[in-house]
Amino acid sequence: MTDYKNKVQKILSARISPPLCYLHSFGCQQNVSDGEKILGLLTELGYGITNDATSADMIIYNTCAVRENAELKIYGLIGNLKHLKENNPELIIGICGCMAQQEHVVEKIKKTYKQVDLVFGTFALNELPKLVYNVLTERKLMVDITEYNNEIPEGIPAVRNDKIKTGVPIMYGCNNFCSYCIVPYVRGRERSRKPGAILKEVKELVDAGYKEIMLLGQNVNSYGKTLENPITFSELLRMINNIEGDFKIRFMSPHPKDATKEFIDAIVECDKVCKHLHLPLQSGSNRILDEMNRRYTVEKYMEIIDYARSRIPDFSFSTDIIIGFPNETYEDFKCTLDVMRKVKYDNVFSFIYSKRTGTKAALIDDKTSAEDKGKWMRELLEVQREVSSEFFKRFEGRVLDVLFDSEGKNDNWYTGKSDEFIIVEAKSDEIIIGQRKKVKITKVFNWALQGEIIN
Ligand code: SAH
Ligand code: SF4
Ligand code: F3S
């Protein structure tokens, strides 16, 4: 691979100025993290980075396949690039990530979107120098969606988007095969990074001044099972918590079936780990959970919530919910609302079920109408507004730790996230982006809190 790296560097350094690459990542944090590595590799090859696609010499869309909408959006964007390519035939257009990992997508691109030069899947990061070399020298469509063996490539440089918070993948792939989900097909089998490599990366980031590290994986609390010397996610959390420095730890996403008492204990006992859990419920109906192959019941799910809140009453939860799984009834859906009311999530990410070719659920003849699903979605959003503001009220008058990361809508206002992962706004005469502050909460909105900085 070094060979190809040298070859590309030689070609690009012969240009008057470095060519520019524009990359956009769609989908989850894991995909964003892959995108940062792709930019790192391209920078090594001699590309500069631009935020303006129209002036770029290379445009890469790092795609998501989780719902049909995500894919339709990408097809639309690729279609729009046709004009840019006509004006600049030297432009290189690349499509990568989860959507690109699917055979039928590659076929469609070959047939309909002839402006595309490069298609590579989620396993091909290390092959990028070779692919870029081939595109530069042969100018014909290059495709690599091979499922390379399960070795996790280490040491790939990353150009990170953010200077305050960042993600560190701890595991890749998924073995769960929830019946609706495409991820196991496009990301391959579950594999974990060695703890040493993770600890080294977190330490470097903390030394570089990062204030929040998000551990990433499709099923983080299944971490470590495939290692030569297996360790648990809870053990990993405790090891990361022991790294010295001023930073907090979050992770995404854990799976309820792997959420043990020991896992909650580790969160509670590690001072750097935020007391917030994004715990995807998907459905509050045991019948639907079974059809989804989620491998837990509502009762088991509630045990985790109750145990966490028995240790820390303010423990906050967010979740993912799928509305309208094939043949879901209104009775099933109402069970989901019941769980929402019991847990009082501070945030719910709700999605209408989307049929994914190749998954088990795609074979079910769905009798539930799209109209009903839309109606239920509106009802769910209404319930969510009620329960989140009810949960938020408990924070009025209290002091929360907030990491500020952006400017607010008005002058001298800033927004950030509390440890509970709630948006908090506050006013400050000095710039506080990147700083953690104690904020006394004075106002409660449906979606956020407002307060005064006390130090
Ligand atoms: N591994 C994570 C989430 C992966 S995808 C987990 O298990 O929680 C993120 C979310 O997208 C899922 O939690 C689910 O709510 C939603 N999702 C996945 N496939 C979907 C589909 N076919 N239709 C609608 N939503 C889907
Ligand atoms: Fe998809 Fe289920 Fe794996 Fe999450 S756990 S990525 S929902 S198969
Ligand atoms: Fe989408 Fe792939 Fe993530 S399908 S949600 S980008 S793992």
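Here's what I pulled together on the structure shown here. Each chain carries its own residue numbering, running from 1 in the direction its sequence is written. Here the convention is simple: chains get letters from A, ligands get numbers from 1, in the order in which they are written. Note on the predicted model: pLDDT of at least 70 is required for a residue's local features to be given, and 80 or more for side-chain atom pairs to be given and counted; whole-chain, interface and lining totals, by contrast, use all residues. With hydrogens and water excluded, all non-hydrogen atoms of the structure serve as input to the side-chain values.

1. Let's talk about the nonpolar core
Put simply, the rule reads: Side-chain atoms within 4.5 Å link the members of a nonpolar core, which is a set of buried Ala, Val, Leu, Ile, Met, Phe, Trp, Tyr and Cys residues. Between buried and exposed lies partly exposed: a residue is buried under 20% and exposed over 50% of the maximum accessible area for its type, with that area taken using a 1.4 Å probe on protein chains only. Going along the chain from the N terminus, every DSSP run of H or I of four or more residues is numbered as a helix, and every run of E of two or more is numbered as a strand. Segmentation of the chain into domains, including their bounds, is taken from an automatic or database domain assignment. Note on contacts: a residue pair is in contact if any heavy atoms of the two residues lie within 4.5 Å.
Grouped together as the largest cluster of nonpolar side chains are 58 residues, with contacts concentrated most on Leu215, Phe233, Phe251 and Tyr301. No other element matches helix 11 (residues 298–311), which puts 6 residues into this core. No fewer than three residues from each of domain 2 (162–253) and domain 3 (275–393) sit in this core. Setting aside residues no more than four positions away along its own chain, Phe233 makes contact with Ile170, Leu215, Val220, Asn221, Tyr223, Phe251 and Phe263. In terms of nonpolar packing, the next biggest core, distinct from the first, is built from 27 residues, Tyr61, Ile93, Val105 and Ile145 among them.

2. As for helix 12 (residues 330–343)
Inclusion rule: Working rule for helices: expected span equals 1.5 Å times residues minus one. This arc describes the spread of directions from the helix axis toward the C-beta atoms.
For helix 12, built from 14 residues, the straight-helix expectation of 20 Å at 1.5 Å per residue is met to within 8% by its first-to-last C-alpha distance of 20 Å. When we look at burial in helix 12, the residues that qualify are Asp332, Phe333, Thr336, Leu337, Val339, Met340 and Val343. Projection of helix 12 onto a plane perpendicular to its axis shows the buried side chains occupying an angular sector of 155°, all on one side. Across from the buried face of helix 12, at angles greater than 90 degrees, the exposed residues are Glu331 and Lys342. Considering only its buried residues, helix 12 is in contact with helix 10 (286–291), helix 11, strand 13 (316–323), strand 14 (347–352) and helix 13 (370–393).

3. Concerning the sheet that holds strand 1 (residues 20–25)
Inclusion rule: Strands were regarded as paired on the criterion that DSSP finds at least two bridges between them. Under this scheme, a helix contributes an axis fitted over its contacting stretch, all axes are lines through C-alpha atoms, and angles between N-to-C directions fall in the 0 to 180 degree range.
Strand order in the open sheet made by the 6 strands is 2-1-3-4-5-6, with parallel pairing throughout. Edge strands, defined here as strands with exactly one partner in the open sheet, are strand 2 (48–49) and strand 6 (142–144). Summarising the sheet, strand 3 (residues 58–63) and strand 4 (residues 92–97) pair through 6 bridges and their orientation is parallel. Directly across from Met58, in strand 4, lies its bridge partner Ile92. The sheet strands contacting helix 3 (residues 68–87) are strand 3 and strand 4, and the helix crosses strand 3 at an angle near 175°.

4. Comments concerning the packing of helix 9 (residues 261–269) against helix 11
Each packed pair of helices is defined by two parameters, the angle between the axes and the distance between the axes. Note the cut-off: Here the word oblique covers every angle except those under 35 degrees (roughly parallel), over 145 (roughly antiparallel) and from 65 to 115 (roughly perpendicular). We call a crossing left-handed when the near helix sits turned anticlockwise from the far one by less than a right angle, and right-handed when that turn is clockwise. Polarity classes work like this: nonpolar for Ala, Val, Leu, Ile, Met, Phe, Trp, Tyr, Cys and Pro, charged for Asp, Glu, Lys and Arg, and polar for all others, with Gly in that last group.
Orientation of helix 9 relative to helix 11, taken along the N-to-C sense of each, is 30°, at an axis distance of 10 Å. As far as their axial angle goes, helix 11 and helix 9 are roughly parallel. Once helix 9 is placed against helix 11, the crossing between them reads as right-handed. Here Lys261, Ile264, Asp265, Val268 and Glu269 of helix 9 lie close against helix 11, whose contacting residues are Ile304, Tyr307, Ala308 and Arg311. Grouping the constituent residues of the contact of helix 9 with helix 11 by class yields 5 nonpolar, no polar and 4 charged.

5. Observations concerning the state of the cysteines
Just so we agree on the cut-off: Working definition: a disulfide is two cysteine sulfur atoms within 2.5 Å of each other.
Counting across every chain of the model gives 0 disulfides. With no disulfide of its own, Cys96 has Cys98 as its nearest cysteine by sulfur position, at a separation of 9.4 Å. Just so you know, Cys270 is unpaired, no disulfide at all, and the nearest cysteine sulfur is the one on Cys274, 12 Å from it.

6. Remarks on the site of ligand 1
Heads up, the rule is: Being near a molecule or strand, for a residue, comes down to having at least one heavy atom within 4 Å of it. Here a polar contact is recorded for every N or O atom pair within 3.5 Å, except that within protein the pair must consist of a potential hydrogen donor and a potential acceptor, and residues adjacent in sequence are included only if both atoms are side-chain atoms. Here the Shrake-Rupley method, with its probe set to 1.4 Å, supplies the accessible areas, and only the displayed protein chains count as covering residues.
Every one of the 14 residues lining ligand 1 counts as a neighbour, but Gln218, Pro280, Gln282, Asp320 and Ser354 are closest to it. Here Arg67 contributes a side-chain N or O atom positioned 3.1 Å from an oxygen atom of ligand 1. Tyr180 has a polar backbone atom sitting 3.0 Å from a nitrogen atom of ligand 1. Notes on ligand 1: free accessible area 540 Å², of which the protein chains cover 90%. Listed by contribution, the elements that provide at least two residues to the shell around ligand 1 are strand 13 and strand 14. Classifying every residue of the shell around ligand 1 gives 7 nonpolar, 3 polar and 4 charged.

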